[in-house]
Amino acid sequence: MTLRASATNPTTTNKKYLIIDFDGTCTESDTTCVLPKLAALQDDNEMKRNERIWNYKQHETEYFEKYGKLKDNIMSTKQQFQNLDDALNALDDVSTQITRRVSQSGCLAGLPQEVMRMRSLIDADDEFGEALRLREDCVRVVSDAHATGGWKLGVLSINWCRTLIDAVLIHPIEAYSQMKYGDNGSTGTAAAAAARKPEFDVWCNALDEDGKITLNFPGAISKRECIADLRKNGNHVVYVGDSATDLLALLEADVGILIGGSSSASGMAERWGVNLVPIADRSSSSSTSSCDKQEPNTVWTTCNWKEIEALLKEEHDGVATATPNVDVMIPP
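Heads up: these notes are all about the structure in this document. Keep in mind it's a predicted model, so treat the numbers as computed, not measured.

Generally speaking, nonpolar side chains in soluble globular proteins are found buried as a group. Counting 54 residues, the largest nonpolar core has Leu164 and Trp305 as its most contacted members. Looking at which element gives the most residues to this core, the answer is helix H7 (residues 162-181), with 8 residues. When residues no more than four places from it in sequence are discounted, the contact partners of Leu164 are Phe22, Thr31, Leu35, Leu38, Met118, Ile122, Leu132, Asn159 and Leu169. Within the second largest apolar cluster, 34 residues are counted, among which are Tyr67, Val94, Ala244 and Trp272.

Summarising burial for strand S2 (residues 16-20): 5 of the 5 residues are buried, a large majority. Alternating residues of S2 divide into Lys16, Leu18 and Ile20 and Tyr17 and Ile19, and every residue in both groups is buried. Examined bridge by bridge, S2 and strand S7 (residues 236-241) share 5 bridges and lie parallel to one another. Within S7, the residue paired with Ile20 across the bridge is Val240. Two elements, S2 and strand S3 (residues 152-156), share 4 bridges in a ladder whose sense is parallel. When the bridges of S3 are listed, Ile19 appears paired with Gly154.

Turning our attention to helix H4 (residues 115-123). Along H4, the residues that are buried comprise Met118, Arg119, Leu121 and Ile122. Viewed along the axis of H4, the buried residues span an arc of 160°, placing them on a single side of the element. Residues of H4 that are exposed and point over 90 degrees away from its buried face: Met116 and Asp123. For H4, the elements touching its buried residues are helix H1 (34-40), helix H5 (126-131) and H7.

Definitions and limits used
Residues numbered from 1 in each chain as written. Predicted model: local features only at pLDDT ≥ 70, side-chain atom pairs only at ≥ 80, totals over all residues. Heavy atoms only, no water. Core = buried A, V, L, I, M, F, W, Y, C linked by side-chain atoms within 4.5 Å. Buried < 20%, exposed > 50% of the residue type's maximum accessible area, 1.4 Å probe, protein only. Helix = DSSP H or I, 4+ residues; strand = E, 2+ residues; numbered from the N terminus. Contact = heavy atoms within 4.5 Å. Pairing = 2+ DSSP bridges. Arc of directions from axis to C-beta.

Taken by themselves, the reported measurements are silent on function.
Following this line, the structure appears as structure tokens:
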């Protein structure tokens, strides 16, 4: 019997993963502040709605004050940390503390658990649509990466609400894919449409009907561990993130892409010697070739998804070239 297999592993086929953060990476801004407003719609009493939002804002203000103070101390070396891991872990501890208080407050109770219910609430108010706007070209690039490039897709986020991710990001990608590649679209056949239908793995935190938050992925270290697990067995992982919380995962990935120009991310990178290099300079780098892991302590940067699209094409071609199919004879 003859099987087709990868030259790098004769018994398995290595996979290509495109893993993306949600807030600030796919969306134009952080979406967390929208959650209490969506939850407040479940109250008929205006006073109770305002109380929920006020409650959340108190926690949000405390978070920004504590996070900002600690970050400034880190950058000014007033607080000494041995490495980037320790510094980011300290920042994540601030987030964890405030998250627990939000969870205990109940201000997020009643958020829809069904995607279409969440989608209907978002569509009913232009304010939500504006706050949850996706970056230009994100939906198209991610959908096409799967349909034409064969990338397996995943979302890795510290966002509390899986339903929000599904409603804001995955639902539009599925709709775009159906329009472009569905059996009534340009590709024609139902079989082709099924093969190109995007399927997502989603790694994020959890929020139940009572507003209780479960921190499955509290921060930078848990994100890095997820990427490390995906890279096992020779899988090729591209990770796209936008914040300091993403830095460890970006460095762990075969290719890490920082989108959006976060001052916190760039400051932490500079503080610990992480090289941030524009994707536009990638083609001129003789030491980096597609399909190879990026140079140590290097993360690529961009402000748009079109540049990510071009990089994914390079990576796809490079992986295909580096892992040619070979015939493997298996005795009967």
